[in-house]
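Observations on the model geometry
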Amino acid sequence: MRKDLIEFSYNVIRLPMSKVKVSIVKVEKDDVRGAVKRAVELLGGLEQFIDHSDDVLLKPNLLSAPNNEEVKAKIRTDPRVVETLANMVLELGKKVLIGDSSGAGQTGGTRAAIKRSGYLEIGEKSEKIQVRSLEEHGPTKVEINGKKLKEANISTEFLESKAVINIPKMKTHGLALYTGAIKNLYGTICGADKTRIHSLGATFNGFAQCLVDIYAFEKTRIKLNVMDAIIALEGMGPGAGGSPVEMNLILASADAVALDSVAFRIMGSDPKIVPTIRFAAEQGLGVMELEDIEIVGERIEDHKRKFKLPKVAFLGRIPFARFSNIIFEVPKYVEGCTGCLNCERACPEKVITITKNKKGQFIPKIDYNGCISCFTCIEICPEACYKTKNKNTLKIVLSILGTIVVAGIITTLILLL
Ligand code: SF4
Ligand code: SF4
């Protein structure tokens, strides 16, 4: 084909598309309310997102909300962000439900976590705001028909909601690498089904695909995403094992993929290494590239900071996705166990047993033969008792060498025949 015709057809196909907006607002002088309002105003105002619904569900990231205030501040969505959005919804004459289903296995379940979260107090200020566990009305089993996840037990109340404001927190994650808008929707899965999906996913890419399948199924309900990046979290997140990072930012977008892409850039790394972001963009669930995004408010460059990433980050840099299914680390108990049993209950493979030593101290024992490196135990432990350690490196090296030798023999045989 002639070059001018190729260029002509290319131009016809590549019609200019409107860019997706992501707002970035700095929290000045602790004015969280002002920053949240500004972030939404920069997108054109709340009304356009939730106009067609009388009830709006606000879905923060609760995780476990332990008693320790410092730990709580770095792992759950700041109540001030949630309260501001609740009041903005009320001002539009609508009712609010604030709800989440927290990490599986913790003492007292989501109800106990909500009591400690600071969200109940928001509900006490208006009878039009209700706060409860998303498991309260039970799950409904639905067909997801995703690439990896075929069905899931999703909160019935979530499924009945037509307008949801997703309110994630900016954090790293030991298995998913990063948790933001897409990952926050894992909290719509009820109870033991979270552990089943962890077992089904079980790998860096596998778990990410399950998360993307959930997002694909729920996407039409998510009208807006507002991210709490006031105190973010780096290192071995998303729980007590990570370290707080003061960012003092609020981000917002109607596109969860674009929001996550911008957030991870602010965290100093390429969003392509995060499988949830990459898979979701490849599946056409949102945009990842900056050329498709219009940043409004602050500039990424002015707030960029190199976050410490969990070691799993290197898997995202391996170009051949199928090799990224190997995880080289397992949890290792260090100290501080109070015997709360959260990790024993939450472990999807049931390979943790809490024992007592001769001094009467609680000691978690892990059967590493059954461990799938999902790091749920690290995520759920309120005392940050776990770190990670390398798996048996000799075994890994021998299995890689074995694969190379077998591939060599097969290639030789093919050439000889
Ligand atoms: S021991 Fe921890 S990392 Fe291993 S399967 Fe259980 S919860 Fe997952
Ligand atoms: S290690 Fe101990 S304190 Fe941490 S979750 Fe397990 S039982 Fe609870």
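Residues numbered from 1 in each chain as written. Chains lettered and ligands numbered in written order. Predicted model: local features only at pLDDT ≥ 70, side-chain atom pairs only at ≥ 80, totals over all residues. Heavy atoms only, no water.

Side chains of Leu398, Ile400, Leu401 and Ile404 sit close together on the surface and give an oily, nonpolar patch of about 390 Å² of accessible area. For isoleucine 400, the location among the structural elements is in helix H17 (residues 393-416). We classify isoleucine 400 as partly exposed; its relative accessible area is 44%. (Patch = residues over 30% accessible without salt bridge, like charges linked within 9 Å, V, L, I, M, F, W, Y side chains within 5 Å. Areas by Shrake-Rupley, 256 points an atom, 1.4 Å probe, with all protein chains shown as cover. Salt bridge = Lys/Arg side-chain N within 4 Å of Asp/Glu carboxyl O. Helix = DSSP H or I, 4+ residues; strand = E, 2+ residues; numbered from the N terminus. Buried < 20%, exposed > 50% of the residue type's maximum accessible area, 1.4 Å probe, protein only.)

This next bit is on empty space enclosed by the protein. One water molecule sets the probe size; rolling that probe over the atoms shows where empty space is left. Counted under the stated rule, the structure contains three cavities of 30 Å³ or more. Roughly 230 Å³ of internal volume is contained in the largest cavity. Along the walls of the largest cavity sit 22 residues, with Leu63, Gly103, Lys183, Tyr186 and Glu379 positioned nearest its centre. Among the secondary structure elements, those contributing two or more residues to the lining of the largest cavity are strand S8 (169-173), helix H9 (181-184), helix H10 (192-201) and helix H16 (376-380). Partitioned by chemical class, the residues of the lining of the largest cavity number five nonpolar, eleven polar and six charged. Residue contributions to the lining of the largest cavity reach at least three from each of two domains, namely domain 1 (17-316) and domain 2 (328-392). (1 Å grid on protein atoms, 1.4 Å probe; cavity = no way out; pocket = protein on both sides within 12 Å on 5 of 7 lines; lining within 4 Å. Points joined across faces, edges and corners; volume = space filled by probe spheres on them. Nonpolar A, V, L, I, M, F, W, Y, C, P; charged D, E, K, R; others polar. Domains from an automatic or database assignment.)

Below, the discussion takes up the site of ligand 2. In the vicinity of ligand 2 lie 14 residues, with Cys337, Cys340, Leu341, Cys343 and Cys381 positioned nearest. Along the lines of polarity and charge, the residues of the shell around ligand 2 split into ten nonpolar, three polar and one charged. (Near = heavy atom within 4 Å.)

A separate point is the packing of aromatic side chains. Within a pair of aromatic rings, the relevant descriptors are the distance that separates the centres and the angle that separates the planes. If you walk through the whole model with that rule in mind, you get three aromatic pairs. A centroid spacing of 6.2 Å and a plane angle of 80 degrees characterise the contact between tyrosine 333 and tyrosine 386, whose relative ring orientation is edge-to-face. One end of the pair, tyrosine 333, is in strand S13 (residues 329-333); the other, tyrosine 386, is in strand S16 (residues 386-390), with 53 residues separating them in the sequence. The buried category is assigned to tyrosine 333, whose relative accessible area is 18%. (Phe/Tyr/Trp six-rings, centres within 6.5 Å; stacked < 30°, edge-to-face > 60°.)

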